[in-house]
Structures are given as structure tokens and as C-alpha cells.
Amino acid sequence: MRPENYEAQRHPPSNEFELNFGPNHPGIEGNYALKVKLHGDVVVEAKADGGYLHRGFEKLMEQRLWIQNIALVPRICVPDPSPMEVCYAMAVEELCGLDVPQRAQWLRVMQLELSRIAAHLFTFGGHAATTGMYSTMYWGVADRDLILDLFEEFTGGRVYSIYNIPGGVRRELPDGFLRRISETLDYIESRLPDYDNLFFKNQVFVKRAKGTGVMSQEQALAWGVTGPNLRATGLAFDVRRDDPYLVYDQLDFEIPTEAHGDAWSRTLVRRLELVESIRILRQVVAALPDIRGPIRAPIPNPLAWNVPVGEVYTRVESSKGELCYFVVSDGGPKPYRVHVRGPSSMHAVQVLEKMSVGSRIEDIAQTMFSLDACPPEVDR
Amino acid sequence: MSSIKQIPVITERKGNPLARVFDEFVRFCRSRSLFILHYCTGCGAIELPPAMTSRFDMERLGIQPMVSPRQADILLITGYVSIKTLKRVILTYEQMGSPKYVIGICSCTVNGGMYWQSYATAKKLDEYMPVDLYIAGCMPRPEAVLAGLQKLMDRIHSGEANSWEDYFRNYDYYLGNQQKLFGENWQTPTDIITEAKHYDLIDEGTFGKHTQLLEQHQKPLEALDMRLGHDLKEPTE
């Protein structure tokens, strides 16, 4: 079990001890590990130990056709897979100069926002479980399942909805789907006060989360933090508003921010984002019946599709933060190089390492869940 | 659909009939109280919270999650296993007390799945440890997970789920595959051969050239430092 260059070393006697936190640990999110050095209960040093989920995505994508990669990319981030495929499809469209029909863009917005709600509900559940409140976990997972049922109905897949292709989306909405989506949104909205009473206003949670894992706005910007974690430090930056893609510039929504930059602020930002996502979805549901037309642009034979030479960088706002794809084509049937800039690599490695220092050991799990880091996306 | 009925072979049963009744009772109880250690090795872990919580409710089958390997009965491998994870999976598996059952969830544990050409993942799980049951799919729905667990319960009740004995009987084969992947001086802190003697499961496949190789490289267990990966460096002064 030891590395090849291992040499046993004698440590001087001290009050510090080392602890392997993970990879198989109920308090850690997924297959990820931290090596922490403790003095009593207080963390002196933490070191992230990833790589348990490494599959070599960027290499695998070079070996598959442009269209095959659509099925591969959602696997990068398991709790929130939809932004992955949308972002990749947007990159390929930009390389080919494809015009995506309006209706497909609205359908994509619907998919992205549903996915955001599902991911946030799941995060609340996990975060509550780390503070010992298992009821919220049961509720969050159960309500997320309602969204997954919607996904299953309109994309065909429960978790991995391989719904996009370069040029549009795969299929039209089923009959009566807009009514069912409205019902589910109404139900989730009616549940939010219950969540407030159970979790967000719960003193058990508030007292533990306030002041845990604090970062200032300067630190957040220096560490490459994006998404809700950045907005929790007071900076209203959202790719959906500041660099609009799809039809987000035609939609009306707010960018919620909080000032403190601790675990409580981060969770609260997600809670407020739920409301905004529901608001966006209501607008999409109202607009969709009037937007007619094709749902995909014609593309050449996808099995022999030589995408023009070029480099392209696309970004979307996923539920975890800013997600970017850098795609290079050499004019062949497969990508020459794909780089994925995932938000969690910053959150789970450098930010978590620095935030854990000085906190107590029971707060590590809470810090990790409040950062909403996604280990499969860290390792890729 | 033509079905060939298996003709039951009546073998002469030996031993105390009361002991047989007792064994049957033990198997029944064992199949109704299972603790899962789910090692979230991959994507499939995302379908376990729905399967465990109120919607599909695994607990009504008597199945609960368990956090420590020594008290768990089932090892759920949820998805692809990268080589770094596989070391920990084998370590976890060997720590579990017998009888233990392994379920491979997702296609990746069967044959590599989506990552059949990846350089970083182990393709077939059953080369490294005996697997009782596979639940195929990418990813299997919670219903499929529950159906798989029910199948396992039936197999435990009928006494068919004894793959854990294979690990002792064919230890040389499994150790050989592990050595091929991790290097010749691969060693876990669990002494499988002593354990096999304890369970009286020594067979032809237990010893072989790979176990000989293990004996050459084996360090005494007291000297084996169980810190995994790189060390936290002491600041040199």
C-alpha cells in the first residue's frame, strides 16, 4: 500500500496527529479524501487528496466522435449533469457556425433551470445531514425526485438526460408537460416555507453555519471561486446575466447575494436562487407555447462530421459555478483537444484546504457541502 | 416459451437434522438484516439516496447503510473503479467480516462501461474480488437497485450467495490480478491465508506462485504503515 519512494520517517513527539478523512467516509461528499493534521479537535493543516474518480475525460473525448462526446460529458458532474452537455453543444455549434432555433434555446433553458433546482435541493439535503438534520435530507432527496420524474418524461433519462445535440435538442415536449411542470413548481414553492422552518431558520443549523468557512471577496476572487460561493461574498456576478447565453437576456431574474461569505451565506444564496429558478421556469412555461418552429438545426452526417478548424471557449453558469469548455478542432471527425474548466476543482482543493485550517474537525464536512464541491468534476 | 425443469437431485443429507433447521433459521435472519457499506466509487452513488430515503425506502427490506466496514454485510461498488480507488476497495473488502457480499452496480463494474478505453479505470471488478450480483445499467434506477437487493436476499436465504468463500479458495487468482495491476510488492494488512485456515476454506487455488511472491515481499504486519498515498511532510528545520 505504500508508494514506491516511501521511506519510513520518525516524527518528533508532538500533540498533533494525522487523520485520513475519506475516501469512504459518510461526512465527505463522494469519493474524495482529505488528509488532516489535528491538534485536539482543531485542524492544523489539511491537504486534499483527489484522483479517486479520475477517468481521463479530456483524453477520452479526443478518441470519440463529436456526437459521441455528448453522451460522455454529463458523467463529469453527476449531481448536475445538464450544463455539461449544453456547454459542450454550444462549443461545437460555435465552431461550426450553427444557428440554434429559438425553441431549442428555450427548451435548453428549461432543462438547465430544472437541473439547477434538483442540484440545489440535493445539496441542502447533504448539507443538513452533515449537521445531523436527517429530515431535511429525506425531504430534499424526495423533492429532487419530482424533478427527476420531469426529466425522465421530457428527456428520457432520469439522471443523465442526453437531451442536447449540437444544433438543438433531441425531442419535442410531451403532451401536457407544461401543465405538469407548473404543478411541480407550485408544489416545490409551497414547500419552501417548510424548508425554512425545518432547516434555514433552525438554530442548530444557523449557529453551526454562521462563521464557519469564511472567505472575503478578495480571497474568493484570488482563489478562482465562482457561482453561489462567490455571490455569498457580496459580488453579484452571474454568467447568465453578465455574459448571456441562450435566451437568458430575454428573461427577468435577480442575482441574489449575501455579504458574509460563510457557510450560512452560501446556503442562503442557494435558497434564494431556488426562487429565482422557479421564476425563470414560470417565464419559460409561459413563453414556450408561442415559440414555434424546429427544435434542431440540420447537421451533416454525424458519423462523418468534420468540424471546421478553430478554437472556441464557451461558458455557462452551472449550479456549482462557472463551467467552461475550451475546444480545439483540427478539422477532423474528433476533437483535437478539449479542456473542461469545472468550478469544483477550485472549491474542493485550494479553497477547502485553506478554509479547513483553524476549524474544528466536525466542521470539515459542513464546509465541503456548503462549497457544493462535486468530486467527480474535480478529478474528471 | 419452453422451460426445462431442473430435476432435483436428492442427496443424502448428513449431520444433525436440528442443526439443519438451525442453519436455515440463521440464513433467514441473515438475509433479513443486511447492512450496506456503499463505497461511492462512481456515478451510481447518486441513485442510492433516493433508494434509501422515503420514496423507495430500502429500510422496509431490512437494509440500512452502515459506516464502518467491519460491521457491514454488503459492499456496494457503485460505478467505475479507478485504480487508486480499487486499492481502497480491496482493503475495505478484506476488512469486512465474513460472510460478506459484493454487489457491482452500473455497467462499469461489469466490463468498463463508458470508460472501456480509459487508462485510469479497472475494467472488470470480478478479476479482483468475487462479485455476488451485478446490477447493470448506466445508471440503474432505484427500482433496479431494490430488485437486485431482493435477489441477493433470496440467494442468501437459499444459501447460494457464498462468493466470499471463493476469495479464500481462489486467493492466488485474485492476488495475481491485483499484483499485475499494483506491482509485485502489493500487500494488504489482512492475512487472508490465516483467515482461510480459520474458516477451513483452504483449496487448491489458495496457494500458488502469486502467494509465494507475496511471502517474499511480505513485511510483518506490525511494520506495515497504513498511511495511504503521500505523507504530510514534516517541516524540516
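Just so you know, these numbers come straight off a predicted model, no measurement behind them.

Another point: the interface of chain B and chain A. Each partner contributes residues to the interface: chain B has 38 residues there, and chain A has 35 residues. Mapped onto the side of chain B that touches chain A, the elements with two or more residues apiece are α2 (48–52) and α3 (83–95) of chain B. Here the element with the most residues in the side of chain B that touches chain A is α3 of chain B; it accounts for five residues. When the residues that make up the side of chain B that touches chain A are grouped by side-chain class, the tally is 17 nonpolar, 13 polar and eight charged.

Residue and element names in this part refer to chain A. Mapped onto the fold, Leu288 is located in the loop between α11 (263–287) and β6 (310–317). For Leu288, a count of 18 C-beta atoms within 10 Å translates into the label partly exposed. Sequence separation between Leu288 and Arg180 is 108 residues; the distance between their C-alpha atoms is 14 Å. Discounting residues that sit within four places of it in the chain, Leu288 has contacts with Trp106 and Leu178.

All names here are of chain B. Annotation of chain B at the domain level lists domain 1 (24–161) and domain 2 (163–219). Distance between the C-alpha centres of domain 1 and domain 2: 22 Å. When residues in the side of domain 1 that touches domain 2 are grouped by element, the largest group, six residues, is from α3. Looking at the side of domain 1 that touches domain 2 residue by residue, the classes come out as 11 nonpolar, two polar and five charged.

Turning our attention to the sheet that holds strand β5 (residues 101–105) of chain B. All names here are of chain B. Strand order in the open sheet formed by five strands is β2-β1-β3-β5-β7, and the pairing between neighbours is parallel. Among the strands making up the open sheet, the edge pair consists of β2 (63–65) and β7 (133–135). Sheet twist, expressed as the mean angle between neighbouring strand axes with direction ignored, is 25°. Strand direction decides the pairing type here: β5 and β7, joined by three bridges, are parallel. Its bridge partner lying in β7, Ile103 is registered against Leu133. The sheet strands contacting α3 are β1 (34–39), β3 (74–78) and β5, and the helix crosses β3 at an angle near 165°. Running at roughly 165° to β7, helix α5 (residues 142–158) makes contact with β2, β5 and β7 of the sheet.

Let us look at the nonpolar core. Counting residues in hydrophobic clusters, the biggest one holds 158 residues, and the most contacted among them are Cys87 and Tyr88 of chain A together with Ile74, Leu75, Ile77 and Met129 of chain B. No other element matches the 15 residues that helix α4 (residues 102–130) of chain A contributes to this core.

As a further point, take the packing of α4 of chain A against helix α5 (residues 134–154) of chain A. Axis angle and axis distance: for two packed helices, these are the angle between their axes and the distance between the axes, and together they describe the pair. Residues and elements named next belong to chain A. At a minimum axis distance of 7 Å, the contact between α4 and α5 shows a crossing angle of 165°. Relative to α5, the element α4 is oriented roughly antiparallel. Note on packing geometry: the crossing formed by α4 with α5 is left-handed. Of α5, the residues touching α4 (which contributes Leu114, Ile117, Ala118, Leu121, Phe122, Phe124, Gly125, Gly126, Ala128 and Ala129) are Tyr134, Thr136, Met137, Gly140, Val141, Asp143, Arg144, Ile147, Leu148, Leu150 and Phe151.

A separate point is unusual backbone geometry. A cis geometry characterises the amide bond from Ser98 of chain B onward to Pro99 of chain B, with omega recorded as -5°. Note that Pro99 of chain B resides in the loop between α3 and β5. In this model, Cys138 of chain B is joined to Met139 of chain B through a cis peptide bond whose omega is -10°. Looking at the secondary structure, you find Met139 of chain B in the loop between β7 and α5. Positive phi is not limited to glycine here, since Leu246 of chain A has a value of about 45°. Structurally, Leu246 of chain A can be placed in the loop between α10 (239–242) and α11. Despite not being glycine, Asp57 of chain B has its phi angle at roughly 50°, a positive value.

Calculation notes
- Residues numbered from 1 in each chain as written.
- Chains lettered and ligands numbered in written order.
- Predicted model: local features only at pLDDT ≥ 70, side-chain atom pairs only at ≥ 80, totals over all residues.
- Contact = placed C-beta atoms within 7 Å.
- Helix = DSSP H or I, 4+ residues; strand = E, 2+ residues; numbered from the N terminus.
- Nonpolar A, V, L, I, M, F, W, Y, C, P; charged D, E, K, R; others polar.
- Buried ≥ 20, exposed ≤ 12 C-beta atoms within 10 Å, placed from the backbone.
- Domains from an automatic or database assignment.
- Pairing = 2+ DSSP bridges.
- Axes fitted to C-alpha atoms, helices over the stretch in contact; angles between N-to-C directions.
- Core = buried A, V, L, I, M, F, W, Y, C linked by C-beta atoms within 7 Å.
- Parallel < 35°, antiparallel > 145°, perpendicular 65-115°, else oblique.
- Left-handed = near helix turned anticlockwise from the far one by under 90°.

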